[in-house]
Amino acid sequence: MAETVLSIEHVAVHFGGLVAISDMNFHVNKGEIVSLIGPNGAGKTTAFNVMTGFLTPAKGAVNYCGADLKGKKPHEIADLGLIRTFQRTSVFPNDTVYDNVLIGLHRQGELKGKLGLAEAILGLPRARASEKAQRARAAELVRWIGLEARANDLAGSLSYGEQRLVGVALALAAQPKMLLLDEPVSGMNASETHTFVQLIRNIRDRGVTILLVEHDMPMVMSVSDRIVVLNYGRIIAEGPPDEIRKNPAVIEAYLGQGAKDVVKEVAVHA
Amino acid sequence: MKQIVTLLCLAFFASVPMWLTDPYLLNALITTGIFIIGAMSLNLLLGFTGQLSLGHIAFFGIGAYVSALTSLGFDVPIYGDFHIVHVPWPPIAGFLLAIVISGFCGYLVGRLSFSVRGAYFVIVTISFAEVVRLVALNWVELTQGPLALTNIPSITIGLPGLGYLVLKTKFHNYYLVLAVAAISYFLISRLVHSHYGRAMRGLMENETLAVAVGIDVTKTLTLAAVISAGIAGAAGSLYAHYIRIIDPDVFAFISTVTMVIMVVSGGKGSLAGPVVGGVIFGLLPVFLRPIMPPEAQWITYGVVLIVILFVMPRGIVPSLAAKLGLARAGGTRRASVAVSERTAEEHA
Ligand SMILES: Nc1ncnc2c1ncn2[C@@H]1O[C@H](COP(=O)(O)OP(=O)(O)OP(=O)(O)O)[C@@H](O)[C@H]1O
Ligand SMILES: [Mg+2]
């Protein structure tokens, strides 16, 4: 029996009269790559906001590693190892790429015990060792994500695709057990996307469970173990890529948007 | 490189009383130095967390009153026959208490405002300063109200083997202020270069993202407020023991404005910014006073500020640093990225 890392139970979100999510139920097992897909406005980002404590659902619960996340603040949820990236490019624009990752390493920098602050200010050995470890780790992450050449450039000056990579490096710096990626390859070209898929697999192979929101269907089909399809705030299908590709309700949902091409494209890449 | 410049500046400041004997100028330097300490503490909030404390002088004033009252003693009737009596303690105890109590006030103000956020901090700090000023003005049994606390003793320090030194002269006080300023500068520098400082910068630049990587907003900002208020309290204490008389005017709003001007003109978010801005706007009035009438002094003051911000919108230090190519992404960082030679594969 696979171990469940994240489960969404009967979650509903309303914005005034608009039902953004209604009765959402699904789960993600440890070590899986699950994709959450659906047309624009389906409620995918809203679902992420609920899981990470940025939104309180009107109904339902989110369980992560056996704990109910109800009432937890975003930084507390991050502390549990549930880390997200954002759909809109999200970096610390006036800091270098390297410093961005260093900020992301905040959790690693916290020294155990009450005297952490004094140790940091006075530069005592433990704080110095921790600082050194953080810097080494940041350098590794920058290199690993492939941005070594841009390490000392301001994150805000990078291309859109590169900024997305910084966003992922930042998230990895926060030591996720589970990673929520919101449209990570939007703005990347085909070869960048290809590299990114390798990266995601790589992250998963290191034991990080992944939930992915993405519009790039070929990418979703190739990388996912399972796919959850959302439309108008409702889950309309769930299953492995092969099933989802053929599911009439899914094709309908995308066709309704005039996205015939997507379906065709998926067939080509099958 | 940066450290050498800092040390040279420190050496220069330390040499000043050797060649500058004019007591009027030395006095101006001491009060300016005290306000520079206040401005540095304000910069920790404004420049490194983006939070504007428009009541910052409250922490300074509380430090001044706490230190003065600790070293003067008091006898305050509370209810009926019940009095709180405090016998005078050495001024150095007052100095330490000033830091602790001002820091605690910073904690309260931070807790109160940062859990709510937005423009709240500005409003809470302004209100706090006004409330404290009214207390100082009206609780006459404790503070003497507008009659002022007078005869505040000078700070005395015990030197091992040499007995006690009363820091009475301008010469002494100059070095006392310089020492406290240097220590404050050092502490702030260490703080902002630690992971606490990075958390502050993250929150200032992109709060949503910072929170998503596990940075606790309330805790981080409150920490900055406590340290900032504590340092402001230390400055207030120095002020009380140097001027030796304080009244509720120490809480004047204009003093906060002066500190904000020092920070913004010198460059917020730059460690040296408040020092540079402080020297300029602390000493400017001293040089203007003999050569023009008061109205013209204020106009000149304003014009100088506007010109600085027009030519160097980010403040003097950051603008000059950018021009000289000493921008933040300096050579030292490049080296640190190259430290690890291991392959990335192993570590992701
Ligand atoms: N803060 C908000 N206030 C009001 N309505 C919102 C808010 N956030 C999202 N919505 C609405 O909720 C619905 C779901 O939005 P959501 O951003 O979750 O969609 P999505 O699936 O992420 O879409 P996309 O693929 O375009 O990113 C949309 O109709 C959106 O307009
Ligand atoms: Mg979205």
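No experiment lies behind these values; they were computed from the predicted model shown.

Cut-offs used in this document
- Residues numbered from 1 in each chain as written.
- Chains lettered and ligands numbered in written order.
- Predicted model: local features only at pLDDT ≥ 70, side-chain atom pairs only at ≥ 80, totals over all residues.
- Heavy atoms only, no water.
- Pairing = 2+ DSSP bridges.
- Helix = DSSP H or I, 4+ residues; strand = E, 2+ residues; numbered from the N terminus.
- Donors = N, O, S within 2.8 Å, 3.2 Å for Na, K, Ca; no water.
- Buried < 20%, exposed > 50% of the residue type's maximum accessible area, 1.4 Å probe, protein only.
- Axes fitted to C-alpha atoms, helices over the stretch in contact; angles between N-to-C directions.
- Parallel < 35°, antiparallel > 145°, perpendicular 65-115°, else oblique.
- Contact = heavy atoms within 4.5 Å.
- Nonpolar A, V, L, I, M, F, W, Y, C, P; charged D, E, K, R; others polar.
- Patch = residues over 30% accessible without salt bridge, like charges linked within 9 Å, V, L, I, M, F, W, Y side chains within 5 Å.
- Areas by Shrake-Rupley, 256 points an atom, 1.4 Å probe, with all protein chains shown as cover.
- Salt bridge = Lys/Arg side-chain N within 4 Å of Asp/Glu carboxyl O.
- Expected span 1.5 Å × (residues − 1).
- Polar contact = N/O pair within 3.5 Å; in protein donor to acceptor, adjacent residues only side chain to side chain.

A. A look at the sheet that holds strand β5 (residues 67-68) of chain A. Residues and elements named next belong to chain A. The four strands lie next to each other as β2-β1-β4-β5, forming an open sheet whose pairing is antiparallel. With partners counted over all chains shown, the strands left at the sheet margins are β2 (18-29) and β5, one partner each. Strand direction decides the pairing type here: strand β4 (residues 59-64) and β5, joined by two bridges, are antiparallel. Residue pairing in the sheet places N63 in a bridge with D68 of β5.

B. Fine view of the coordination of the magnesium ion (ligand 2). All names here are of chain A. Binding of the magnesium ion (ligand 2) to the protein goes through T45 (OG1) and Q87 (OE1), at separations of 1.9 to 2.1 Å. Of the two residues, T45 sits in helix α1 (residues 44-51) while Q87 sits in the loop between β6 (82-84) and α3 (97-104), which places them 42 residues apart along the sequence. The class for T45 is partly exposed, based on a relative accessible area of 25%. Residue Q87 is classed as partly exposed on the basis of its relative accessible area, which comes to 30%.

C. Structural context of the packing of helix α7 (residues 170-193) of chain B against helix α8 (residues 195-205) of chain B. All names here are of chain B. Two elements in contact, α7 and α8, have axes whose closest approach is 4 Å; the angle formed by their N-to-C orientations is 70 degrees. Classed by the angle they form, the pair α7 and α8 counts as roughly perpendicular. On α8, the residues that touch L191, V192 and H193 of α7 are H195, Y196, G197, R198 and M200. A class-by-class count of the residues in the contact of α7 with α8 yields four nonpolar, three polar and one charged.

D. Representation of the environment of V34 of chain A within the structure. All names here are of chain A. Tracing the backbone shows V34 in strand β3 (residues 33-37). The spatial distance from the C-alpha of V34 to the C-alpha of R226 is 4.9 Å, given a sequence separation of 192 residues. Among all residues touching V34, those that are not within four sequence positions of it are V28, I210, L211, L212, R226 and V228.

E. Focus on a nonpolar patch on the surface. Residues and elements named next belong to chain B. Where nonpolar side chains cluster on the molecular surface, the patch consists of I78, Y79, F82, I84, V131, V135 and W139 and spans about 720 Å² of accessible area. Secondary structure elements with two or more residues in the nonpolar patch: β1 (74-79), β2 (82-86) and α5 (120-138). Mapped onto the elements, V135 comes out in helix α5. Taking the relative accessible area as the measure of exposure, V135 reaches 40% and is therefore partly exposed.

F. Main features of helix α10 (residues 217-243) of chain B. All names here are of chain B. Over its 27 residues, α10 runs 39 Å from end to end, which matches the ideal 39 Å to within 8%, given 1.5 Å per residue. Sitting at the head of α10, D216 places a side-chain oxygen 3.2 Å from the backbone nitrogen of T218. Backbone geometry just downstream of α10 places R244 in the positive-phi region, at approximately 70 degrees.

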